[in-house]
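Residue-level structure breakdown
Given next are the chains, with one letter for each unit.
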Amino acid sequence: MSILILAEHNGEQLSQNVLQAVTAAKAWNLPIHVLVAGDNANKVAESAALTDGVALVIQASAAHLAHPLAEDIANLVVSISADYSVILAAHSSFSRNSLPRAAALLDVAMISDVLEINGNNTYVRAIYAGNILTTVQSVDSIQVLTIHGSKFSAASIGNTSAEIVNISAPAAFSQARWVSEVRSESDRPALGSAKIVVSGGRSLGSAEKFEQLLAPLATKLGAALGATRAAVDAGFAPNDIQVGQTGVTVAPELYIAVGVSGAVQHTYGMKDSKIVVAINEDPDAPIFQVADYGLVADLFEAVPALTAAI
Amino acid sequence: MKILVAIKRVVDYNIKVRIKADGSNVDIDGVKMGINPFDENAIEEALRLKEQGFATEVVAVSLGTAANQDILRHALAMGVDRAILLDTAAELQPLAVAKLLKVLVTREQPDLIMLGKQAIDDDAGQTGQMLAALLNYPQATFVSKINKQANEIIATREVGGGTETIALTLPAVVTADLRLNNPRFVKLPNLMMARKKPIETIAAADLNTDISARLQLIKVSEPAARKAGVMVDSIDELLAKLRTHEGVLA
């Protein structure tokens, strides 16, 4: 038996989180195969094949996989599942959409957002927005799971390529169709893999102030921008930069939280950051309990001063 | 169009959950409970689809014990037409919930099934996708916008790096993100009236469904806390710490 990693990509580039999934998969000491589903995503398959630890890349190409739907990905995974005892992916909106569907078709449980893989099909994962850790053991014959990317280091890219085999995908699921997408255009690094993240909360007051205050700091630091759910709900920032329980999880070298109160739903998504800096007007804000360095100050004076001083 | 909304009873999102002294499970005895927030968005959207003339009936269902009547009455007070309790004391995991809901869907024949995108207790985020799989229905998860066109649901999904819009042929499963809508406040007279409405109870045991736990709970524990940090008095002091102590800034 082998391990199947469902690879996320944009048609051109393999997502960084696939490298973390490869590291997680090494826990089983089984051959690691990577499934690349797309419309001739050859570059992606080549990158996957160069990843250290990958034994085989399975490439499924079809026009309907250019914008893959959960139904098609799940059917594809199930169509090759007989060879695998473990099916895993990094936890993201892509895998959260398709892998539960595949697990149900296989009549097995799925273990979401795994923090630790402990052998004997035993896993540690968080519940209650990261307030509690739970250790669970699966009794199923096939393990289907997503891993919490920031808990696993990225596998390196080597010089020797694993074999790439092409397979045909099942016919397109006829009851759903892709219509369109809106991708946020940004020159900044990707939030999930940025070395520095500057994040803003509701105290910033408006979309204009969010931009005025945080964008220059992020630009100067080469940082990605993040936001709390409160800031996103208030319309200060787009939804795809929301950090937390229901958004993106980040673990940068430096996380600068500006006007962030520090609700557990937010800290769930950033508490693995190496260094956390919090700037807030409220000395009692819970964010200071998870910050390495806290500064109580007027945001509208402190942040421009910080930007100027860097 | 008939809509079935599945709702879960969870610990109130403001409560910090503790663990039992022996680490065997979380301690939620006597803790304030309520409807899972994402499920409330699902109810709200179903009601709006009815108010817009797209749906004729909205039915809410919850799985659990008689205690779940409180959230079903909340759903009735919001405006759903009927409420069903799938009565079981078993600890249900997402696959088991999906299997029980599948039986109910076969009985109720809804055109659209709505759920929250995840529950804030187990944070699994699987039930809607699993139900869609078992029914072989199309699915739209993490949905922030819905339009109805002819026999299709046009759904905008919140995904990494932006949004995606897909079209589903009915019947279909949709899971709600928080930004789908702002749920209406329940007025006291509506809550009073909801108390008098019947809740249909179906014994889950009578549905002959495998609801066995596939994940055995070994233990629960508290995550390691981050080490206590220090407060700085100025930007200069902050920068000095980051540059010299931590070396994270040039």
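Residues numbered from 1 in each chain as written. Chains lettered and ligands numbered in written order. Predicted model: local features only at pLDDT ≥ 70, side-chain atom pairs only at ≥ 80, totals over all residues.

What to know about the overall build of chain B
- When helices and strands are tallied, chain B shows six helices and 15 strands.
- Each of the three principal axes of chain B carries a C-alpha extent, and together these read 65 × 45 × 40 Å. (Helix = DSSP H or I, 4+ residues; strand = E, 2+ residues; numbered from the N terminus.)

What about the pairing of strand E10 (residues 152-159) of chain B?
Residue and element names in this part refer to chain B.
- Of all eight residues in E10, six are buried, a share of seventy percent or more.
- Alignment of strand E9 (residues 139-149) against E10, held across six bridges, turns out to be antiparallel. Pairing of Lys-145 across the sheet is with Thr-156, part of E10.
- Linking two consecutive strands that pair antiparallel, namely E9 and E10, is a turn of two residues; a positive phi of about 45° is found at Ala-150 within it.
- Note: E10 against strand E11 (residues 162-169), eight bridges, orientation antiparallel. (Buried ≥ 20, exposed ≤ 12 C-beta atoms within 10 Å, placed from the backbone. Pairing = 2+ DSSP bridges.)

Here's the deal with the domain arrangement of chain A
Residues and elements named next belong to chain A.
- Assigned domains of chain A: these are domain 1 (2-167) and domain 2 (191-309).
- Listed as interface residues are eight residues of domain 1 and, on the opposing side, 10 residues of domain 2.
- Residues that form the side of domain 1 that touches domain 2 fall into these classes: one nonpolar, seven polar and no charged. (Domains from an automatic or database assignment. Contact = placed C-beta atoms within 7 Å. Nonpolar A, V, L, I, M, F, W, Y, C, P; charged D, E, K, R; others polar.)

Some remarks on the nonpolar core
- In this structure, Ile-5, Leu-35, Ala-48 and Leu-88 of chain A together with Val-5 and Val-174 of chain B are the most contacted members of the largest nonpolar core, which totals 128 residues.
- With residues near it in sequence (within four places) discarded, Leu-88 of chain A still touches Ile-3, Ile-5, Ala-21, Ala-24, Ala-25, Leu-145, Thr-146 and Ile-147 of chain A.
- Core analysis: the next-biggest nonpolar cluster, separate from the first, contains 52 residues, Ala-194, Leu-204, Leu-213 and Val-277 of chain A among them. (Core = buried A, V, L, I, M, F, W, Y, C linked by C-beta atoms within 7 Å.)

Looking at the interface of chain A and chain B
- Between chain A and chain B, the contact holds 67 residues from the first and 61 residues from the second.
- Of the residues belonging to the side of chain A that touches chain B, the class tally is 37 nonpolar, 18 polar and 12 charged.
- Direction of pairing for strand E10 (residues 176-183) of chain A relative to E11 of chain B: antiparallel, over a ladder of seven bridges. Note on E11 of chain B: the bridge partner recorded for Arg-183 of chain A is Gly-162 of chain B.

Overview of the sheet that holds strand E6 (residues 57-64) of chain B
- Strand order in this open sheet of 10 strands is E10(A)-E11(B)-E10(B)-E9(B)-E12(B)-E8(B)-E1(B)-E6(B)-E7(B)-E13(B), and the pairing throughout is mixed. Bordering the open sheet on either side are E10 of chain A together with strand E13 (200-203) of chain B, each of which pairs with just one other strand. When strand polarity is set aside, the average angle formed by the axes of neighbouring strands in this sheet is 30°.
- Set on the sheet, helix H1 (residues 37-51) of chain B makes contact with strand E1 (2-7), E6, strand E8 (112-116), E9 and strand E12 (172-176) of chain B; between it and E8 of chain B the angle comes to about 150°. (Axes fitted to C-alpha atoms, helices over the stretch in contact; angles between N-to-C directions.)

Digging into unusual backbone geometry
- Here Leu-170 of chain B and Pro-171 of chain B are connected by a cis peptide whose omega angle stands at 0°.
- Within the secondary structure, Pro-171 of chain B sits in the loop between E11 and E12.
- For Asn-120 of chain A, which is not glycine, the phi dihedral falls at a positive 50°.
- Of note, Asn-120 of chain A is situated in the loop between strand E5 (110-117) and strand E6 (122-127).
- For Ala-129 of chain A, which is not glycine, the phi torsion reads 55° and is therefore positive.

Examining helix H2 (residues 42-50) of chain A
- Of the residues making up H2 of chain A, those classed as buried are Val-44, Ala-45, Ser-47, Ala-48 and Ala-49 of chain A.
- Where H2 of chain A is buried, its residues contact helix H1 (16-25), strand E2 (32-38), strand E3 (54-61) and strand E9 (163-167) of chain A.

Quick word on the pairing of E1 of chain B
All names here are of chain B.
- Counting buried positions over the six residues of E1 gives five, a clear majority of the element.
- Pairing of E1 with E6, which is carried by six bridges, proceeds in the parallel orientation. Residue pairing across strands places Ile-7 opposite Ser-62, the latter belonging to E6.
- Note that E1 and E8 share three bridges and pair parallel. Considered in E8, the bridge of Leu-4 is made with Ile-113.

Considerations on the packing of helix H3 (residues 70-79) of chain A against helix H4 (residues 93-105) of chain A
Residue and element names in this part refer to chain A.
- Relative orientation of the contacting elements H3 and H4 amounts to 45°, with a least axis distance of 8 Å. Judged by the inter-axis angle, H3 sits oblique to H4. In this structure, H3 crosses over H4, and the sense of that crossing is right-handed. When H3 is examined against H4, the residues Ala-70, Glu-71, Ile-73, Ala-74, Val-77 and Val-78 are found in contact with a partner set consisting of Asn-97, Ser-98, Arg-101, Ala-102 and Leu-105.
- In terms of residue class, the contact of H3 with H4 is made up of seven nonpolar, two polar and two charged. (Parallel < 35°, antiparallel > 145°, perpendicular 65-115°, else oblique. Left-handed = near helix turned anticlockwise from the far one by under 90°.)

As for the sheet that holds E3 of chain A
- Strand order across the open sheet formed by 10 strands is E9(A)-E3(A)-E2(A)-E1(A)-E4(A)-E8(A)-E5(A)-E6(A)-E7(A)-E14(B), with mixed pairing between neighbours. Of all strands in the sheet, those with a lone pairing partner are E9 of chain A together with strand E14 (215-221) of chain B, marking the two edges. Along the sheet, successive strands turn relative to each other by an average axial angle of 35°, direction set aside.
- One ladder, built from four bridges, connects strand E1 (residues 2-6) of chain A with E2 of chain A; its direction is parallel. Its bridge partner lying in E2 of chain A, Leu-6 of chain A is registered against Leu-35 of chain A.
- The strands touched by H2 of chain A are E2, E3 and E9 of chain A; relative to E3 of chain A, the strand with the most contacts, the crossing angle is about 170°.

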